[in-house]
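# A closer look at the structure
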Amino acid sequence: MTNIVGYRRTAPGTQPTHLHPAYVSSIKRAPSKPLVFMPHTLTEVTGPLFGKETIDLKACDLTRAQSGEPLGERIIVSGRVMDEDARPVAHTLIEMWQANAAGRYLHKADQHDAPLDPNFAGCGHTLTDGEGRYRFVTIRPGAYPWRNHHNAWRPAHIHFSLFGPAFATRLVTQMYFPGDALIPYDPIFNCTADEQARNRLISVFDWGNTIPDRALGFRFDIILNGREATPMER
Amino acid sequence: MSFQTTTSQTVGPFFTIGFDRLNKAELAGPGISGERVTIAGRVVDGDGKAVPDAVIEIWQANSHGKYAHPEDQQTKPVEPGFQGYGRIGVDENGRFMFTTVKPGAVPGPGGKRQAPHIAVSVFARGLLLRLVTRIYFPEDSGNAGDYVLNLVETARRGTLIARRTAAKDTFEWNVILQGAEETVFFDC
């Protein structure tokens, strides 16, 4: 028999509901039937791992020289990836992508009438270190309009994608910026009932990681599901 | 100290910027053992319309039923060239296709083996959370006793089982996000 220690389920209200009608795209895409609860098996407590050999070490700097410097405000986005028991999630892959300073993505489906920046592709990746720390150098993304409702604007945000140690710990989220006036109006930010959980998506201004004469710092810690305490025979 | 898992957010419409680097639709290169299979299908919404901005991720064992992960302690061979990971974006008609080897059976609850299956994550614009589902294979003798399949009401179980097509070693399996024929998604 195999003893499987599963991963914990998230606290009620701290995650979005699948259907959030204010986010119009969820209306026809959210499942209508209840999800089927599945105890974790070997399949869910394992998952793809990405080692150093799969990483471009330069990819954590989105401002690295193309033909010139990207436009916009240089920022450092850093933080720690931990589990719910505050244990670091070491050597795990983080993927990130974002709009440029004008609020435009380098994507054929982005029709926003704002300029592309030939010196900014808007994607990066890195591995956390042994203590779960990561650090990106990028530019502050711009807000942009979208067609969800009349005069809809997304607050500035950066997309994050993490694998963690197992299939059960996969997470895709978005980081926001403190003091952004658009946040209260954003149906995607507001899709989660628990206000404290929502607010943890807002990064913290981080004097300690600013670089004088160069870049401002923002801190964004990311928490992945922790392990169940008691091994259960399954 | 105790934290709460960070809130999930949608991948949005432009995820390919960040995701394309790790796209992988051919999971098993030459020299990897096992029965080659192709799985193709569509992602459709509650109106039956194609979802053109979705991506699926695959996680599976190798043909011996061994995961390339340190927590799989079985004494079965790992194949260095087979990670068991795939990421396949859909095209403008919501279609995806990938090739792999049929996974072997892996241990399951109660000391019983799980039937061969592929774990799938679905991401798309409009999905605020990842959706988790599984692909099983038709005519597999293990399906009837499979722990996870038996969590699902009989009438919906078929959404998790790929269908053999006329093409050799090719299966059809669709992701129906919503509606009467909705794919079974797991709280995982």
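Refer to the structure above for everything that follows.
Summarised in this report is the structure supplied together with it.

About the thresholds
- Residues numbered from 1 in each chain as written.
- Chains lettered and ligands numbered in written order.
- Predicted model: local features only at pLDDT ≥ 70, side-chain atom pairs only at ≥ 80, totals over all residues.
- Helix = DSSP H or I, 4+ residues; strand = E, 2+ residues; numbered from the N terminus.
- Buried ≥ 20, exposed ≤ 12 C-beta atoms within 10 Å, placed from the backbone.
- Rg over C-alpha atoms; globule rule 2.2 N^0.38 Å.
- Contact = placed C-beta atoms within 7 Å.
- Core = buried A, V, L, I, M, F, W, Y, C linked by C-beta atoms within 7 Å.
- Pairing = 2+ DSSP bridges.
- Axes fitted to C-alpha atoms, helices over the stretch in contact; angles between N-to-C directions.
- Nonpolar A, V, L, I, M, F, W, Y, C, P; charged D, E, K, R; others polar.

## Digging into the overall build of chain B
For chain B, the helix and strand inventory stands at two helices and 12 strands. For chain B, the N- to C-terminal ordering of α and β elements is α-β-β-β-β-β-β-β-β-α-β-β-β-β. Classification of the 188 residues of chain B by burial places 46% in the buried group.

## What about the overall build of chain A?
Of regular secondary structure, chain A possesses two helices and 14 strands. Relative to the compact-globule value of 17 Å for 234 residues, chain A shows a C-alpha radius of gyration of 19 Å, a close match. Each principal axis of the C-alpha distribution contributes one length, and for chain A these read about 60 × 40 × 30 Å. Relative to its 234 residues, chain A shows a buried fraction of 43%. Considering only residue pairs separated by 6 or more positions, chain A has 73% of its internal contacts joining residues 24 or more positions apart.

## Concerning the nonpolar core
One broad trend across soluble globular proteins is that nonpolar side chains are buried collectively. Counting residues in each nonpolar core, the largest one holds 99 residues, and the members touching the most others are Val122 and Phe123 of chain B. Considering each element in turn, this core owes the most residues, six residues, to strand E7 (residues 117-124) of chain B. Not counting residues up to four positions away in its chain, the partners in contact with Phe123 of chain B are Val172 of chain A together with Val11, Phe15, Ala54, Val55 and Arg130 of chain B.

## Quick word on the sheet that holds strand E5 (residues 123-127) of chain A
All names here are of chain A. The strand order across the open sheet formed by four strands is E5-E4-E9-E10, and the pairing between neighbours is antiparallel. Two strands lie at the open edges of the sheet, namely E5 and strand E10 (171-176), each paired on one side alone. The sheet shows a mean angle of 20° between the axes of neighbouring strands, direction not considered. Sheet topology places strand E9 (residues 157-162) next to E10; six bridges connect them, and they run antiparallel. When the bridges of E10 are listed, Ser161 appears paired with Val172.

## Side note on the interface of chain B and chain A
At the junction of the two partners, chain B supplies 62 residues and chain A supplies 68 residues. Among the secondary structure elements, those contributing two or more residues to the side of chain B that touches chain A are helix H1 (16-19), strand E5 (106-107), E7 and strand E12 (186-187) of chain B. By residue class, the composition of the side of chain B that touches chain A is 30 nonpolar, 23 polar and nine charged. Pairing of strand E2 (residues 36-37) of chain A with E12 of chain B, which is carried by two bridges, proceeds in the parallel orientation. Bridged to Val36 of chain A within E12 of chain B is Phe186 of chain B.

## A few points about the environment of Thr43 of chain A
Structurally, the position occupied by Thr43 of chain A is in helix H1 (residues 42-45). Linking Thr43 of chain A and Ala168 of chain A, residues 125 residues apart in sequence, is a C-alpha distance of 8.9 Å. Beyond its immediate chain neighbours, meaning those up to four positions away, Thr43 of chain A contacts Phe167 of chain A together with Val106 and Ala119 of chain B.

## Focus: unusual backbone geometry
Residues and elements named next belong to chain A. With a phi angle near 65°, Ala86 is a residue other than glycine that sits in the positive phi range. Look at Ala86 and you get partly exposed, because 13 C-beta atoms sit within 10 Å. Backbone geometry places His91, a non-glycine residue, at a positive phi of 55°. With respect to the helices and strands, the residue His91 is situated in the loop between strand E3 (74-83) and strand E4 (93-98).

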